[in-house]
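Notes for the structure review
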Amino acid sequence: MSEIKQEAQEDHSSEEIQIKSWRGSAMKILSWGILLAFLGLLTWGLVKVQSGPVNRGIAPDFTLTNFEGETITLSELRGQVVIINFWASWCPPCRDEAPYLEQTWRKYKDQDVVFIGVDYVDTDAEALAYIAEFDITYFNGPDLGTKISQAYNIQGVPETFFVAKNGELRDVNIGPLFPPVLDDKIVELLAEPYSEN
């Protein structure tokens, strides 16, 4: 009888060892899985950052609400040249280009050209003070949750994207714009043929 009891104890001990071994293996697999998932996410983030801003293909669509509550949707502007400028009130180079942007907007606003200012990581009060300081009259609104800037993969501010009449991105300018860069790009985009087909 004691042999049976001893065998039962040995079987029970063997099962405990197997369970402990299984748990140890499962924890190792789980740990490696978590590590690999983390490394994959880190790699994806680095590739995205290093890829630079979007500058070809159809411009990522968005709807922006301005500081007065009006909205504009990029895809509804087909047939017009669109200039998208990412800026912030705390950005010195943005201040450098602001007068040129407004001057150029006023020059081309009646020629199927639309300017959209996307305010990046700013407070409404500071953004509105900036708009008033430079007497900016083109459409401007805050990039809530940085969704638009993420879609365009901006690297910082200012950045300006040039959208052709057919909705395709033609170029991006990283840094402030100075004459005649914006004028030249608008003239080039206005000269492109456009068909609604």
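It should be noted that the structure appears before, not after, this text.
What comes next concerns the included structure.

Calculation criteria
Residues numbered from 1 in each chain as written. Predicted model: local features only at pLDDT ≥ 70, side-chain atom pairs only at ≥ 80, totals over all residues. Heavy atoms only, no water. Pairing = 2+ DSSP bridges. Helix = DSSP H or I, 4+ residues; strand = E, 2+ residues; numbered from the N terminus. Axes fitted to C-alpha atoms, helices over the stretch in contact; angles between N-to-C directions. Buried < 20%, exposed > 50% of the residue type's maximum accessible area, 1.4 Å probe, protein only. Lys, Arg positive; Asp, Glu negative; His and termini not counted. Salt bridge = Lys/Arg side-chain N within 4 Å of Asp/Glu carboxyl O. Polar contact = N/O pair within 3.5 Å; in protein donor to acceptor, adjacent residues only side chain to side chain. Contact = heavy atoms within 4.5 Å. Right-handed = clockwise from strand over helix to strand, strands pointing away. Phe/Tyr/Trp six-rings, centres within 6.5 Å; stacked < 30°, edge-to-face > 60°. Expected span 1.5 Å × (residues − 1). Bend = angle between axes of the 7 residues up to and from the residue. Arc of directions from axis to C-beta.

Bringing the sheet that holds strand β5 (residues 139–142) into the picture now. What the five strands build is an open sheet, ordered β5-β4-β3-β6-β7; its pairing is mixed. Each edge of the open sheet is held by one strand with a lone partner, namely β5 and β7 (169–174). Within this sheet the neighbouring strands show an average axis-to-axis angle of 15°, counted without direction. As judged from the five bridges shared by strand β3 (residues 81–87) and strand β6 (residues 159–163), these two strands associate in the antiparallel manner. Directly across from V82, in β6, lies its bridge partner V163.

Next up on the list: the side chain of E97. Relative to the helices and strands, E97 is located in helix α2 (residues 92–108). Comment: no salt bridge for buried E97; closest opposite-charge side chain is R95, at 11 Å. Of note is the side chain of E97, whose polar atom sits 2.8 Å from the backbone nitrogen of L177. E97 has contacts with N85, P158, T160, G175, P176 and L177, leaving out every residue within four places of it along the chain.

A separate point is the pairing of β3. Here β3 lies mainly inside the structure; seven of its seven residues are buried. Residues V81, I83, N85 and W87 line one face of β3 and the alternating positions V82, I84 and F86 line the opposite face, and both faces are buried. Here seven bridges tie β3 to strand β4 (residues 113–119), and the two strands are oriented parallel to one another. Counterpart to W87 in the pairing with β4 is D119. For the crossover from β3 across α2 to β4, the handedness is right-handed.

Right, let's talk about the pairing of β6 for a bit. Among the five residues of β6, five are classified as buried, and the element is accordingly described as predominantly covered. Burial along β6 is two-sided: the face carrying E159, F161 and V163 and the face carrying T160 and F162 are both buried. Across five bridges, β6 lies against β7 in antiparallel orientation. Residue E159 lies in a different strand from β7, and its bridge partner there is I174. Between β6 and β7, which pair antiparallel and follow one another directly, the connecting turn spans five residues, one of which, G167, has a positive phi of 90°.

Below, the discussion takes up the side chain of E102. Checked against the element boundaries, E102 lands in helix α2. Among the residues examined, E102 registers a relative accessible area of 4% and is labelled buried. With sequence-adjacent residues up to four places away left out, E102 is seen in contact with F134, D135, I136, T137 and Y138.

The full count for this structure, using the stated rule, is nine aromatic pairs. Between W105 and Y138 the ring centres are 6.4 Å apart and the planes differ by 70°, which places this aromatic pair in the edge-to-face class. One end of the pair, W105, is in helix α2; the other, Y138, is in the loop between α3 (124–133) and β5, with 33 residues separating them in the sequence. You'll find W105 and Y138 in the same group, each marked buried.

What follows concerns α2. For α2, which comprises 17 residues, the first-to-last C-alpha distance of 25 Å matches the rise-based estimate of 24 Å (1.5 Å per residue) to within 8%. The sharpest bend along α2 measures roughly 35° and falls at A98, with the proline P99 sitting one to four residues further on. Of the residues making up α2, those classed as buried are C94, E97, A98, Y100, L101, E102, T104, W105 and Y108. Summarising the contacts, the buried residues of α2 are in contact with β3, β4, α3, β6 and α5 (181–191).

Here we take up α5. Every buried residue belonging to α5 is among L182, D183, K185, I186 and L189, and all of these are buried. Viewed along the axis of α5, the buried residues span an arc of 165°, placing them on a single side of the element. Those residues of α5 hidden inside the fold are in contact with β3, α2, β4, β6 and β7.

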